[in-house]
2 protein chains.
Amino acid sequence: MTATAAWAATAADAPIAPLTIERRALRPEDVDIAITHCGVCHSDLHTARNDWGRTTYPIVPGHEIVGIVRAVGSAVGRVRVGDRVAVGCMVDSCLACDACEDHQEQYCHKGMTGTYNSKDRQDGSPTYGGYSSGIVVRQEFVLTVPDALDMARAAPLLCAGITSYSPLKNWNVGPGSRVGVIGLGGLGHMGVKLAKGLGAEVTMITTSPAKGADAKALGADHVLISTDRDAMKGAARSFDFLLDTIPVPHELPPYLALLDRQGTLCLVGAIDMLPSFHSGLLLGGQKAVAGSGIGGIAETQEMLDFCAEKGILPDVEVIRMDEINHAYERMEKADVKYRFVIDMATIGG
Amino acid sequence: MTATAAWAATAADAPIAPLTIERRALRPEDVDIAITHCGVCHSDLHTARNDWGRTTYPIVPGHEIVGIVRAVGSAVGRVRVGDRVAVGCMVDSCLACDACEDHQEQYCHKGMTGTYNSKDRQDGSPTYGGYSSGIVVRQEFVLTVPDALDMARAAPLLCAGITSYSPLKNWNVGPGSRVGVIGLGGLGHMGVKLAKGLGAEVTMITTSPAKGADAKALGADHVLISTDRDAMKGAARSFDFLLDTIPVPHELPPYLALLDRQGTLCLVGAIDMLPSFHSGLLLGGQKAVAGSGIGGIAETQEMLDFCAEKGILPDVEVIRMDEINHAYERMEKADVKYRFVIDMATIGG
């Protein structure tokens with residue numbers, strides 16, 4: 001066990017504050033990573049505050065982790081000391097079920113082990129996330145960060161990036177695809193960049209003209225203001241795929257009307273009860289409502305390599321560790337373009 | 001105008017009874033069909049009784065129509081007098097929008113013209129369905145019935161058949177596909193036969209062990225009793241595609257749990273508000289809830305040809321025209337295997 005500097009929440013109403021945690025001694029297949037940067041995801045905030053009622057305290061958030069390998073277990077062959085590496089939303093899975101064998105560990109039949117607020121599969125110890133100077137992760141869940149990617153900016157790829165990339169790939173988005181990205185936050189801004197990178201024609205669908213302009217600066221071809229009834233009517237049946245990044249429950253019918261025949265709306269933001277809607281909106285065009293959750297490890301590596309090749313990186317605001325509580329306040333007001341990333345050199349301790 | 005024998009409902013609480021209607025004089029592109037048989041669809045009953053609140057009386061139901069061409073307009077080249085032909089749920093569309101140009105006239109942007117309870121696009125006259133000795137339909141909406149298909153048994157292919165076939169094709173069901181058909185009625189029994197014909201491994205999912213046995217007789221490989229919790233749990237994640245033919249609103253979560261990753265549940269029966277469910281059931285495996293409505297004319301012809309090639313026909317109970325009200329009563333009790341077909345030689349008048 002190694003005493004490690006971290007920042008944690010100790011109760012639902014407690015701020016994120018310094019806490020020394022224990023990281024496990026290296027097992028043969030473990031990689032010990034000195035964390036250089038950690039992205040700040042909305043899930044961090046929700047979990048820290050127990051918004052989903054499943055938090056075990058103390059909680060060290062952070063699952064958009066990049067860093068440098070500082071030690072490896074005796075059986076590690078995948079990475080070496082000094083390598084630029086990354087860890088996303090999961091640190092283990094059964095590695096034996098159909099989903100794991102298909103490299104979709106996020107859908108492990110026995111449940112993936114989350115990077116935080118989960119339990120180690122071997123000794124039951126709590127998992128602690130990336131608001132920390134270091135993390136120990138088995139090699140199968142360690143990604144390689146291509147040299148072309150800036151470490152600070154690469155961090156949000158590990159959650160926001162892969163969460164957008166996996167559905168775009170699964171629903172065959174490419175040249176000729178008419179893609180709408182609904183909502184411009186951490187996920188939405190990656191959705192725009194990745195869909196463009198895949199060759200699609202991309203429309204930002206937002207309530208806010210200002211966000212529309214921002215999306216164009218990010219590469220969106222068009223903007224559709226969802227509160228503009230005439231514009232929405234004019235855009236009926238004009239999309240093959242909608243990446244719906246709205247983080248709260250919302251009415252689907254206005255968006256389903258935008259889908260052309262055989263189109264799919266994929267939810268990636270709202271993990272909640274879906275409001276009831278009329279099935280005729282699906283039957284009238286072989287349309288589908290789908291969902292997608294992060295991506296498998298192999299696909300995450302593919303996404304990192306794709307971003308390196310295409311020069312795609314999140315837009316981030318780098319903060320000091322002690323600015324995290326203020327960052328949460330700003331996130332609640334959607335006052336961030338588009339992801340906070342903690343510079344872990346500032347963790348102190 | 002030609003006075004034509006038909007049976008119609010004249011009010012929501014009136015039985016189906018004889019009524020002479022006027023069929024239009026042939027336009028150049030029209031085909032005049034002597035109806036030999038007409039299938040009895042649940043939509044007929046719902047429309048006759050105004051269950052959906054959109055019925056204009058008098059209503060002549062029937063959109064599973066087969067017959068013989070007895071006259072053609074001057075511009076008709078597609079069929080000849082004496083041909084075995086069929087008409088399904090639609091008799092016209094704009095033929096100019098993207099959907100029509102893609103041969104998906106059922107999703108016409110301007111709305112297809114229904115075979116009954118609709119208005120002719122040219123003169124606004126009401127459309128009357130197949131509970132009639134004859135019908136006049138523009139040639140683009142007339143199908144050819146292959147010689148290998150029995151006329152009486154072919155009738156339900158025009159709605160129940162294509163409604164099952166189109167989604168199976170759209171979601172690429174074929175050899176290796178693990179398909180579940182939910183519900184064994186007119187649609188479900190065609191779903192079993194067509195999915196088997198396409199080479200899939202087919203499971204009937206039903207509340208009723210008796211229906212399960214019937215489905216096996218129809219060709220289903222397996223039966224899953226949806227009220228058997230252990231069986232449902234054991235079948236988790238074991239389907240690629242679910243054809244959901246349940247005709248009323250129902251809870252989706254038990255069925256979504258049956259889908260494997262990237263699987264789709266397609267609604268074809270319940271045209272109603274979908275009960276709310278948790279999006280996590282979709283996100284946890286890139287699953288989708290979709291819908292599908294009948295099929296285009298070209299696809300309907302493809303389905304008829306496929307059924308002829310594979311020897312696939314609905315199981316029907318042929319009735320006399322004057323048995324229609326009793327047939328409706330039996331349909332309400334699901335007392336039919338699996339479709340009533342009216343022998344139009346019995347229409348009288």
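Residues numbered from 1 in each chain as written. Chains lettered and ligands numbered in written order. Predicted model: local features only at pLDDT ≥ 70, side-chain atom pairs only at ≥ 80, totals over all residues. Heavy atoms only, no water.

Looking up chain A in an unreviewed UniProt entry gives the name NAD(P)-dependent alcohol dehydrogenase, with the organism given as Sphingomonas lacunae. UniProt, in the comment section headed Cofactor (unreviewed entry), describes chain A in these words: "Zn(2+)". According to the UniProt record, the Sequence similarities (unreviewed entry) comment for chain A is "Belongs to the zinc-containing alcohol dehydrogenase family." (UniProt positions renumbered as here; feature names shortened; annotations may be inferred.)

Asker: Help me understand the overall build of chain A in this model?
Answerer: The secondary structure content of chain A amounts to 11 helices and 19 strands. Against the globule reference of 20 Å for 349 residues, chain A gives a C-alpha radius of gyration of 20 Å, in line with a compact fold. C-alpha atoms of chain A, sized along the principal axes, occupy 60 × 40 × 40 Å. Here chain A holds 349 residues, and the buried ones make up 58% of them. Of the accessible surface of chain A, which amounts to about 13200 Å², a share of 50% is contributed by carbon and sulfur atoms. Of the charged side chains in chain A, 31 are positive and 41 negative; the average position of the first set lies 3 Å away from that of the second. (Helix = DSSP H or I, 4+ residues; strand = E, 2+ residues; numbered from the N terminus. Rg over C-alpha atoms; globule rule 2.2 N^0.38 Å. Buried < 20%, exposed > 50% of the residue type's maximum accessible area, 1.4 Å probe, protein only. Areas by Shrake-Rupley, 256 points an atom, 1.4 Å probe, with all protein chains shown as cover. Lys, Arg positive; Asp, Glu negative; His and termini not counted. Charge placed at Lys NZ, Arg CZ, Asp CG, Glu CD.)

Asker: Can you help me understand the sheet that holds strand E12 (residues 222–225) of chain B in this one?
Answerer: Sheet strands associate in pairs through backbone hydrogen bonding, adopting either a parallel or an antiparallel arrangement. Spatially, E12(A)-E11(A)-E10(A)-E13(A)-E14(A)-E17(A)-E17(B)-E14(B)-E13(B)-E10(B)-E11(B)-E12(B) is the arrangement adopted by the 12 strands of the open sheet, whose pairing is mixed. For this open sheet the edge positions go to strand E12 (222–225) of chain A together with E12 of chain B, each flanked by a neighbour on one side alone. Sheet twist, expressed as the average angle between the axes of neighbouring strands with direction ignored, equals 20°. As paired elements, strand E11 (residues 201–206) of chain B and E12(B) share four bridges and run parallel to each other. Bridging across to E12(B), B:Thr206 finds its partner in B:Ile225. Contacts from helix H5 (residues 186–197) of chain B reach strand E10 (178–182), E11 and strand E13 (239–244) of chain B within the one sheet, and its direction differs from that of E11(B) by about 165°. Across the face of the sheet, helix H6 (residues 209–218) of chain B comes into contact with E11 and E12 of chain B while running at roughly 160° to E11(B). (Pairing = 2+ DSSP bridges. Axes fitted to C-alpha atoms, helices over the stretch in contact; angles between N-to-C directions. Contact = heavy atoms within 4.5 Å.)

Asker: Looking at this model, I keep getting lost on the relation of the copies chain B and chain A. Mind explaining?
Answerer: A rotation about some axis, followed by a shift along it, carries one copy of the chain onto the other. Least-squares fitting of chain B to chain A yields an RMSD of 0.0 Å, with the superposition described by an axial translation of 0.0 Å and a rotation of 180°. Taken together, the rotation angle and the small translation identify this as a two-fold axis. If distances are taken from each C-alpha of chain B to the rotation axis, the shortest is found for B:Ser276, at 2.3 Å. With an isologous cut-off of 70% or more, the 100% of interface residues of chain B that recur at the interface of chain A puts this contact in the isologous class. (Least-squares fit on C-alpha atoms with pLDDT ≥ 70 in both.)

Asker: For this particular structure, what's the right way to read the interface of chain B and chain A?
Answerer: It is common to give the size of an interface as the accessible area that goes away when the parts come together. Counting residues at the interface gives 37 residues for chain B and 37 residues for chain A. Across the chain B/chain A interface, buried area totals approximately 3200 Å², and carbon plus sulfur atoms make up 54% of it. Interface area lost by chain B to chain A is led by B:Arg261, B:Leu283 and B:Gln286, which between them contribute 23%. The interface formed by chain B and chain A holds two salt bridges in total. Its salt-bridge partner being B:Asp102, residue A:Arg261 comes within 3.0 Å of it at the nearest N-O pair. Tallying contributions element by element places strand E17 (residues 288–291) of chain B first for the side of chain B that touches chain A, with four residues. Here the residues of the side of chain B that touches chain A are counted per class, giving 17 nonpolar, 14 polar and six charged. (Buried area = accessible area lost by both parts, 1.4 Å probe. Salt bridge = Lys/Arg side-chain N within 4 Å of Asp/Glu carboxyl O. Nonpolar A, V, L, I, M, F, W, Y, C, P; charged D, E, K, R; others polar.)

Asker: Please clarify how the packing of helix H4 (residues 160–170) of chain B against H5(B) should be interpreted in this entry.
Answerer: When two helices pack together, their arrangement is captured by the angle between the axes and the distance separating the axes. Residue and element names in this part refer to chain B. Contact geometry of H4 with H5 gives a least axis separation of 8 Å together with a crossing angle of 50°. Considering their axes alone, H4 and H5 lie oblique with respect to each other. The handedness of the crossing between H4 and H5 is right-handed. In contact with Ala160, Gly161, Thr163, Ser164, Tyr165 and Leu168 of H4, H5 contributes Gly186, Leu187, Met190, Gly191, Leu194 and Ala195. Split by residue class, the contact of H4 with H5 holds seven nonpolar, five polar and no charged. (Parallel < 35°, antiparallel > 145°, perpendicular 65-115°, else oblique. Left-handed = near helix turned anticlockwise from the far one by under 90°.)

Asker: Hey, could you run me through the domain arrangement of chain A in this one?
Answerer: Residue and element names in this part refer to chain A. Split by domain assignment, chain A resolves into domain 1 (2–159 + 295–346) and domain 2 (161–291). Taken together, the contact between domain 1 and domain 2 spans 20 residues of the former and 17 residues of the latter. Buried surface at the junction of domain 1 and domain 2, summed over both partners, amounts to about 1600 Å²; 60% is from carbon and sulfur atoms. A salt bridge links Asp214 to Lys337; the nearest nitrogen and oxygen atoms lie 3.1 Å apart. Seen at the junction of domain 1 and domain 2, the total is 12 residue pairs in polar contact (both at pLDDT 80 or more). Considering every element that reaches the side of domain 1 that touches domain 2, the biggest residue donor is helix H10 (residues 297–310), with seven residues. (Domains from an automatic or database assignment. Polar contact = N/O pair within 3.5 Å; in protein donor to acceptor, adjacent residues only side chain to side chain.)

Asker: Is there a simple way to explain the pattern of salt bridges in this structure?
Answerer: Once the charged atoms of two side chains with opposite charge are near each other, the side chains can pair. Tallied over the full model, the rule gives 44 salt bridges over all chains. When the shortest N-O distance is used, the salt bridge between B:Arg138 and B:Asp92 registers 3.1 Å. Placement of the pair is B:Arg138 in strand E8 (residues 134–138) and B:Asp92 in strand E6 (residues 90–92), with a sequence separation of 46 residues. As far as burial versus exposure is concerned, B:Arg138 and B:Asp92 are alike and both buried. B:Arg138 is the salt-bridge partner of B:Glu140, the closest N and O atoms lying 3.0 Å from each other. Judged by its relative accessible area of 26%, B:Glu140 falls in the partly exposed class. Overlapping salt bridges, with partners in common, bring together A:Arg24, A:Arg27, A:Asp30, A:Asp120 and A:Asp123 in one network.

Asker: Could you clarify how one ought to interpret the nonpolar core in this entry?
Answerer: The nonpolar side chains of soluble globular proteins are, as a tendency, buried together. Counting residues in hydrophobic clusters, the biggest one holds 90 residues, and the most contacted among them are A:Tyr131, A:Leu149, A:Leu157, A:Ile324 and A:Tyr328. No other element matches H10(A), which puts six residues into this core. Formed jointly, this core draws a minimum of three residues from each of two domains, domain 1 (2–159 + 295–346) and domain 2 (161–291) of chain A. Each residue touching A:Leu157, except ones within four places of it in the same chain, is listed here: A:Leu149, A:Ile162, A:Met190, A:Met303, A:Leu304, A:Cys307, A:Leu313 and A:Pro314. Of all hydrophobic cores here, the second largest spans 89 residues; its members include B:Val79, B:Ile135, B:Leu168 and B:Val268. (Core = buried A, V, L, I, M, F, W, Y, C linked by side-chain atoms within 4.5 Å.)

Asker: Help me out: how do you make sense of the packing of aromatic side chains in this one?
Answerer: We describe a pair of aromatic rings using the distance from one ring centre to the other and the angle between the two ring planes. Residues and elements named next belong to chain B. According to the stated counting rule, one finds four aromatic pairs over all chains in the structure shown. On the basis of an interplanar angle of 45° and a centroid distance of 5.6 Å, the ring pair of Tyr165 and Phe306 is categorised as tilted. With Tyr165 in helix H4 and Phe306 in helix H10 (residues 297–310), this pair connects stretches of sequence that are 141 residues apart. Given a relative accessible area of 11%, Phe306 falls into the buried group. (Phe/Tyr/Trp six-rings, centres within 6.5 Å; stacked < 30°, edge-to-face > 60°.)

Asker: Is there a simple way to think about the state of the cysteines in this case?
Answerer: Covalently bonding the sulfur atom of one cysteine to the sulfur atom of another cysteine gives a disulfide. Applying the stated criterion to the full structure yields zero disulfides over all chains. B:Cys266 forms no disulfide, and the closest cysteine sulfur to it belongs to B:Cys159, at a distance of 14 Å. (Disulfide = S-S within 2.5 Å.)

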